[in-house]
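Coordinates in review
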Amino acid sequence: MGGLGVRWTLHGDGKTPAPGAVVRPDERLTWPRTFGLGAQHVVAMFGASFVAPVLMGLDPNLAIMMSGIATAIFLLATRGQVPSYLGCSLSFVGVAATIRASGGSSAVVTGAVFVVGVVLFLAGLAVQRFGARIIHAAMPPVVTGAVVMLIGFNLAPVTASTYWPQDQWTALLVMLFTGLAVVCLRGFFSRIAIFLGLVFGYALSWVLDQVFGKIHSPAGGAEAVDHWRLDLSGVAKADWIGLPSFHAPSFEWSAILVALPVVIALIAENAGHVKAVGEMTGASLDDKLGTAIAADGAASMLSTAVGGPPNTTYSENIGVMAATRVYSTAAYWAAACFALLFGLCPKFGAVVAAIPGGVLGGITVILYGMIGLLGAQIWLNAEVDLRNPLNLVPAAAGIIIGVGGVSLKITDNFELSGIALGTIVVITGYHVLRAFAPAHLKNQEPLLDSGTSAYDEGSAKGDD
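Residues numbered from 1 in each chain as written. Predicted model: local features only at pLDDT ≥ 70, side-chain atom pairs only at ≥ 80, totals over all residues. Heavy atoms only, no water.

1. Topic: the overall build of the protein
What counts, and what does not: Helix numbers and strand numbers start at the N terminus; a helix is a DSSP run of H or I with at least 4 residues, a strand a run of E with at least 2. Between buried and exposed lies partly exposed: a residue is buried under 20% and exposed over 50% of the maximum accessible area for its type, with that area taken using a 1.4 Å probe on protein chains only. Any pair of residues with heavy atoms lying within 4.5 Å of one another is described as a contacting pair. The Shrake-Rupley method, run with a 1.4 Å probe sphere, supplies the accessible areas, and residue values consider only the shown protein chains as cover.
From N to C terminus, the protein includes 20 helices and 10 strands. Looking at the protein residue by residue over its 464 residues, the buried ones come to 54%. Put simply, 78% of the contacts in the protein that link residues at least 6 apart link residues at least 24 apart. Summed over all atoms, the accessible surface of the protein reaches about 19,000 Å², with 66% contributed by carbon and sulfur.

Given below as structure tokens:
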């Protein structure tokens, strides 16, 4: 059992870490404190992990249940050496929106994402076998940053045309409140700013309903109708205990091509997470990078195989670890257990599904923008020189294609557009141009040196 990372020694008196000390992954505090920390980790991932399946049109109960199972898989695969919570990945929200806009069902969405999980799993095995250098060979930071940026900014029309118009004033106030929470709050509360924004939006929508009555605006459709901002009728009908809804994936090539670029973002997220945790715990975890990527892929495959969303490591939980100095994987096992219990409560999922459209409008303005700007963060951390035309040209072209929804019709029944086409342009454009570029333009520092991830120095401080 010790080899699986499920045995822990008691840290000190089991109450608080000694001054300057940290609770290492193979240590724990007393069990009541450990379960308290586990609950704290669940709350930290609430905002993003529950908003994501709602935005993707998937069952939030199944999402939280599978996040608990995914976390358990990750902890077992890494032998308890990489503390992490795996929650629903926001990187796929744009993919889901694009697939649904072309008539794809939930089964088509999960089928496309299942294939991404397979590719991510194989990428992890390749990194484990050949080392981290292969990541840089295929995806230098200029490419990774551009792809992450176009994935995030591709979501802008979803906020502008779907969520914001449902209640523009609620959206504006929620955006302002969430922004203040992110910037002004400290420690743990800054890590749950999205969750606090959701709570504020719920309360605000209820108050506005009581004071002004129904609102006349679009509500999930193109036509404006009278409707309540906060409709909790589904909560009353939901059971307290029950299984979430499952469905099998369906595979379509057009949807798969749209989803595949997200692999780049997930590899970057995992590299940053492993590096950050290694720096905070003082342990070298570079040899675990391939295992972490493969475990993430395997967990996403399992989740999407039953109709759930994909999963990825959460920076919110890195912030919790940094604030508490407790890196015990026992706390993450406790968090996984809590997630499973929440997943078995349909009434809880109905509360999540009832998030008003205006609230989502305010949240997604910040959330989608943050996803896109993570690409800029990758460029800054890697000191990408955008004055160099070798970097500038493919990134500029790919981002405009991805954000603007430019399409390339190949046959009457097949075309590339948006995220898929933008990613292809960035990757192939960079490598083709590099093959013909003069030597003085090829001096960009690598993203990863031999076996060491240098993706995100800022993650050690809890930055996303």
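This is not the end of the story, as more comes after the structure.
2. A look at a nonpolar patch on the surface
The test is simple: Only residues whose relative accessible area exceeds 30% and that take part in no salt bridge are eligible for patches, with like-charged residues grouped when within 9 Å of each other and nonpolar side chains (Val, Leu, Ile, Met, Phe, Trp, Tyr) grouped when within 5 Å. By convention in these notes, a salt bridge is any Lys or Arg side-chain nitrogen within 4 Å of a carboxyl oxygen on Asp or Glu.
A cluster of nonpolar side chains, namely Trp206, Val207, Val211 and Phe212, defines an oily patch on the protein surface of about 450 Å² accessible area. Looking at the element boundaries, tryptophan 206 is found in helix 10 (residues 193–212).

3. Some words on the pattern of salt bridges
Using the criterion set out here, one finds 3 salt bridges in the structure. Between aspartate 385 and arginine 387 there is a salt bridge, with the nearest N and O atoms lying 3.0 Å from each other. Each of the salt bridges in this network shares a partner with another, and the network as a whole consists of Asp167, Asp209 and Arg229.

4. Details of helix 16 (residues 329–343)
For clarity, the cut-off: Given the number of residues in a helix, its expected span is that number minus one, multiplied by 1.5 Å. In protein, a polar contact requires one atom able to donate a hydrogen and another able to accept it; more generally it is a pair of N or O atoms within 3.5 Å, and residues adjacent in sequence count only if both atoms are side-chain atoms.
With 15 residues, helix 16 should cover 21 Å at 1.5 Å per step; its first-to-last C-alpha distance of 21 Å lies within 8% of that length. Between the side-chain oxygen of the N-cap and the backbone nitrogen of alanine 330 there are 3.1 Å, and the N-cap of helix 16 in question is serine 328.

5. Topic: the packing of aromatic side chains
In plain terms, the rule: Stacked, edge-to-face and tilted are the three classes for Phe, Tyr and Trp ring pairs, Trp counted by its six-membered ring, which pair at centre distances within 6.5 Å; planes under 30 degrees apart are stacked, over 60 edge-to-face, the rest tilted.
A complete count under the given rule lists 5 aromatic pairs for this structure. Relative to phenylalanine 338, the ring of phenylalanine 35 has its centre 6.2 Å away and its plane inclined at 90°; by these criteria the two rings are edge-to-face. With phenylalanine 35 in helix 1 (residues 31–56) and phenylalanine 338 in helix 16, this residue pair connects regions lying 303 residues apart in the sequence. Judged by centre distance (5.9 Å) and plane angle (65°), the ring pair of phenylalanine 114 and phenylalanine 251 falls under edge-to-face.

6. A short note on the confidence of the model for the protein
Where the model shows low pLDDT, its predicted coordinates should not be examined in detail. Where we set the bar: Confidence scores per residue from the predictor, reported as pLDDT, run from 0 to 100.
Of the residues in the protein, 87% reach a pLDDT of 70 or more, and the chain-wide mean stands at 80. Low pLDDT, under 50, characterises residues 445–464; the predicted model gives this stretch 55 contacts beyond four residues in sequence or across chains.

7. Re the nonpolar core
What counts here: Working definition of a nonpolar core: buried Ala, Val, Leu, Ile, Met, Phe, Trp, Tyr and Cys residues. They are joined through side-chain atoms within 4.5 Å.
Grouped together as the largest cluster of nonpolar side chains are 103 residues, with contacts concentrated most on Met56, Val93, Ile99, Ile267, Leu289, Tyr368 and Trp379. Listed in part, the 5 residues of the second largest apolar core include Val23, Leu29, Leu37 and Val326.

8. Remarks on helix 10
Taking 1.5 Å of rise per residue, the 20 residues of helix 10 would be expected to cover 28 Å, and the 28 Å separating its terminal C-alpha atoms lies within 8% of that figure. Within helix 10, the full set of buried residues consists of Ala193, Ile194, Gly197, Leu198, Gly201, Tyr202, Leu204, Ser205, Leu208 and Asp209. Phi turns positive one or two residues past the end of helix 10, at glycine 213, with a value near 80°.

9. What to know about the side chain of serine 328
Along the chain, the position of serine 328 falls in the loop between helix 15 (315–324) and helix 16. Polar contacts involving the side chain of serine 328 include one to the main-chain carbonyl oxygen of glutamate 27, which spans 2.6 Å. Look past the residues within four positions of serine 328 in its chain and what remains in contact with it is Trp8, Val23, Arg24, Pro25, Glu27 and Arg28.

10. Digging into the environment of valine 115
In this fold, valine 115 is placed in helix 4 (residues 106–130). C-alpha of valine 115 to C-alpha of serine 300: the two residues are 185 residues apart in sequence and 9.5 Å apart in space. Among all residues touching valine 115, those that are not within four sequence positions of it are Phe251, Ile256 and Leu260.

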